[in-house]
Amino acid sequence: MKVQYVCAKCGMKKDVSSLEPKCVCGGLWKLDYQPPKFEEALIDKGEWSIFRYRNFMPLEGDDWKAVTMGEGMTPIVKYDEDLMLKMDYFMPTLSFKDRGAAVLVAHCKAIGVDSVVQDSSGNAGNSVAAYCGRVGIECEIFVPEGTSPKKIDMIKAHGSAVNVVPGSRDHCADVCRAKVNDEGKYYANHVYNPFFYQGTKTYIYEIYEQLGRIPQNIFIPLGNGTLFLGAVFGLEHLLESGVIDKMPNIIAIQSERCAPFAEAKRQGLKEPAQVTPTATLAEGIAIGQPMRGAEILEKIYQYDMEIVEIPEESILPARAELAKKGIYCEHTTAGNYAAYLRYCELHGKTPDSLITMCGAGLKSDH
Ligand SMILES: Cc1ncc(COP(=O)(O)O)c(C=O)c1O
Ligand SMILES: [Zn+2]
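Residues numbered from 1 in each chain as written. Chains lettered and ligands numbered in written order. Predicted model: local features only at pLDDT ≥ 70, side-chain atom pairs only at ≥ 80, totals over all residues. Heavy atoms only, no water.

*Asks:* Quick one: what's the story with unusual backbone geometry, residue by residue and with numbers?
*Replies:* Unusually for a residue other than glycine, Met 73 sits at a positive phi of about 60 degrees. Counting through the fold element by element, Met 73 comes out in the loop between helix H1 (64-67) and strand E4 (76-78). Looking at Met 73, the relative accessible area reads 26%, which means it is partly exposed. In this structure, Leu 94 takes a positive phi of about 70 degrees despite not being glycine. Looking at where Leu 94 falls in the secondary structure, it is placed in the loop between strand E5 (83-86) and helix H2 (97-110). (Helix = DSSP H or I, 4+ residues; strand = E, 2+ residues; numbered from the N terminus. Buried < 20%, exposed > 50% of the residue type's maximum accessible area, 1.4 Å probe, protein only.)

Right, here's the structure in full:
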């Protein structure tokens, strides 16, 4: 099987060993890859990481073996009679980004990349830095000013250079991309690089394997959409394989202070709306210009998904309530619970719901 990149805009194909971050026309790469039908017999049950699902990933060779740190395999905890928490901060670098970074760095290793750059609000940078450190790939991470000092310390500890960029998260990405263009650096980025989503889709495979079914209501944070798209790909795969017979109710979570998708949906737009983000405790989803916006909106319309906005003042109480019950998550993640509560306010009791606890509390210290 020869997997190729295919441009989301013009359809041009390119070998995945390409170092180009995107197509010459400006479109982002997707993968021209169809995994085999999902069946339990293809899961490597002796492998205790996301790579137990590697038969459904376009991996070349065995580089993943040197890369993996046991990411994934996170428990699902019953919170109350209606709500389950998938504990995705139980990961090597304490966030769900390890799912994607492990696959992305395995791909870098497979094609012989030895130096990368990446921009991030923190967690994706932590994750790429850690996995690059593990396999000896040189790494520089760009973070926006205001990023939690603990995340920055962690990136440095993994041996990566850190570049703190004044201004917004979106500006930070622009500065990093300028370096990619000017110096030809490999862009090991969670939004641009489609291999990342081949890791985040395991979120769904795990839920299915753990519960033996997919819950009715799945709430997913939506900034750049790396978990969102990965989850949609995973669910579509289960659907096409005849493992489930319909999509669950997917509810996307945005911050009320930065909601380009919610606004786009209200206006019926095909691209994210132009918004002016204001500061929010939910820093992980404060993305004003999501690069895969059109692709994400297509899924939102196709599956008639609702978008719920986190009321800013509900984040700290949600975090405190979770902490009282033993769950110490970061502010963006507390926002997931706050969004669930808001959804229940709007629609009433919502049984069989699952939210992700995808970032650890010790990483945010506002
Ligand atoms: C804790 C946490 N939750 C949610 C997100 C949102 O992920 P995405 O931007 O891929 O939608 C992030 C991204 O950094 C995060 O760190
Ligand atoms: Zn193109």
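*Asks:* Give me the lowdown on the domain arrangement of the chain, citing residues and values where you can.
*Replies:* Here the chain is described as being made up of domain 1 (1-33) and domain 2 (76-90 + 195-363). Using C-alpha coordinates to define each centre, domain 1 is positioned 27 Å away from domain 2. In this assembly, 7 residues from domain 1 lie in contact with 6 residues from domain 2. Buried surface at the junction of domain 1 and domain 2, both sides included, amounts to about 540 Å², of which 67% is carbon and sulfur. In terms of surface lost to domain 2, no three residues of domain 1 exceed Leu 28, Lys 30 and Leu 31, which account for 62% of the buried area on that side. (Domains from an automatic or database assignment. Contact = heavy atoms within 4.5 Å. Buried area = accessible area lost by both parts, 1.4 Å probe.)

*Asks:* Pulling in residues and values, what's your account of the packing of helix H8 (residues 226-240) against helix H10 (residues 293-302)?
*Replies:* Taken N-terminus to C-terminus, the directions of H8 and H10 make an angle of 50 degrees; their axes are 11 Å apart at the nearest point. Classified by the angle their axes make, H8 and H10 are oblique. At the point where H8 passes H10, the crossing takes the left-handed sense. When H8 is examined against H10, the residues Phe 228, Leu 229, Val 232, Phe 233 and Glu 236 are found in contact with a partner set consisting of Glu 295, Ile 296, Lys 299, Ile 300 and Gln 302. Here the contact of H8 with H10 is built from residues that sort into 6 nonpolar, 1 polar and 3 charged. (Axes fitted to C-alpha atoms, helices over the stretch in contact; angles between N-to-C directions. Parallel < 35°, antiparallel > 145°, perpendicular 65-115°, else oblique. Left-handed = near helix turned anticlockwise from the far one by under 90°. Nonpolar A, V, L, I, M, F, W, Y, C, P; charged D, E, K, R; others polar.)

*Asks:* Please provide a residue-by-residue account of the coordination of the zinc ion (ligand 2), values included.
*Replies:* Protein coordination of the zinc ion (ligand 2) is provided by Cys 7 (SG), Cys 10 (SG), Cys 23 (SG) and Cys 25 (SG), with donor distances spanning 2.3 Å. Donor residues for the zinc ion (ligand 2), ordered by position in the chain, follow C-x2-C-x12-C-x1-C. Of this pair, Cys 7 sits in strand E1 (residues 4-7) while Cys 23 sits in the loop between strand E2 (13-15) and strand E3 (29-32), and the two are 16 residues apart along the sequence. Side by side, Cys 7 and Cys 23 carry an identical accessibility label, which is buried. (Donors = N, O, S within 2.8 Å, 3.2 Å for Na, K, Ca; no water.)

*Asks:* Now, about the pattern of salt bridges: what can you tell me, with residues and values included?
*Replies:* All told, the structure shown has 25 salt bridges when counted by the stated rule. The salt bridge partner of Glu 140 is Lys 179, with a shortest N-O separation of 3.0 Å. Placement of Glu 140 in strand E7 (residues 138-144) and of Lys 179 in helix H5 (residues 169-183) is noted, with a sequence separation of 39 residues between them. Its relative accessible area of 16% is what places Glu 140 among the buried residues. Residues joined in a network through salt bridges with shared partners are Glu 40, Lys 45, Arg 52 and Glu 209. (Salt bridge = Lys/Arg side-chain N within 4 Å of Asp/Glu carboxyl O.)

*Asks:* Summarise the site of ligand 1; cite the residues concerned and give the values.
*Replies:* For ligand 1, the set of nearby residues contains 18 residues, the closest of which are Asn 123, Gly 223, Asn 224, Gly 225 and Thr 226. Residue Gly 223 places a main-chain N or O atom 2.8 Å away from an oxygen atom belonging to ligand 1. Contact with the protein chains removes 98% of the 390 Å² of surface that ligand 1 exposes when unbound. Listed by contribution, the elements that provide at least two residues to the shell around ligand 1 are H8 and helix H12 (331-347). Residue classes in the shell around ligand 1 are distributed as 6 nonpolar, 10 polar and 2 charged. (Near = heavy atom within 4 Å. Polar contact = N/O pair within 3.5 Å; in protein donor to acceptor, adjacent residues only side chain to side chain. Areas by Shrake-Rupley, 256 points an atom, 1.4 Å probe, with all protein chains shown as cover.)

*Asks:* Tell me about the sheet that holds E1, and please be specific about residues and values.
*Replies:* Strand order in the open sheet formed by 3 strands is E2-E1-E3, and the pairing between neighbours is antiparallel. The open sheet has two edge strands with one neighbour each: E2 and E3. On average, adjacent strands in this sheet sit at an angle of 40 degrees to one another, irrespective of strand direction. (Pairing = 2+ DSSP bridges.)

*Asks:* Break down the packing of aromatic side chains for me, citing the residues and quoting the values.
*Replies:* What the rule picks out here adds up to 15 aromatic pairs. Between Tyr 197 and Phe 233 the ring centres are 6.4 Å apart and the planes differ by 65 degrees, which places this aromatic pair in the edge-to-face class. Placement of the pair is Tyr 197 in helix H6 (residues 195-200) and Phe 233 in helix H8, with a sequence separation of 36 residues. We classify Tyr 197 as buried; its relative accessible area is 2%. Through a chain of ring-to-ring contacts, the aromatic side chains of Phe 38, Tyr 53, Phe 56, Tyr 205 and Tyr 208 assemble into a single cluster. (Phe/Tyr/Trp six-rings, centres within 6.5 Å; stacked < 30°, edge-to-face > 60°.)

*Asks:* Go over the packing of H2 against helix H3 (residues 123-135) with me, naming the residues and quoting the values.
*Replies:* It is at 9 Å that the axes of H2 and H3 come closest, and there the two elements cross at 40 degrees. In this view, H2 runs oblique relative to H3, as classed from their interaxial angle. Where H2 crosses over H3, the handedness of that crossing is right-handed. Each of Lys 97, Asp 98, Ala 101, Ala 102, Val 105 and Lys 109 in H2 lies in contact with H3, whose residues at this interface are Asn 123, Ala 124, Ser 127, Val 128, Tyr 131, Cys 132 and Val 135. Residues belonging to the contact of H2 with H3 are distributed by class as follows: 8 nonpolar, 2 polar and 3 charged.

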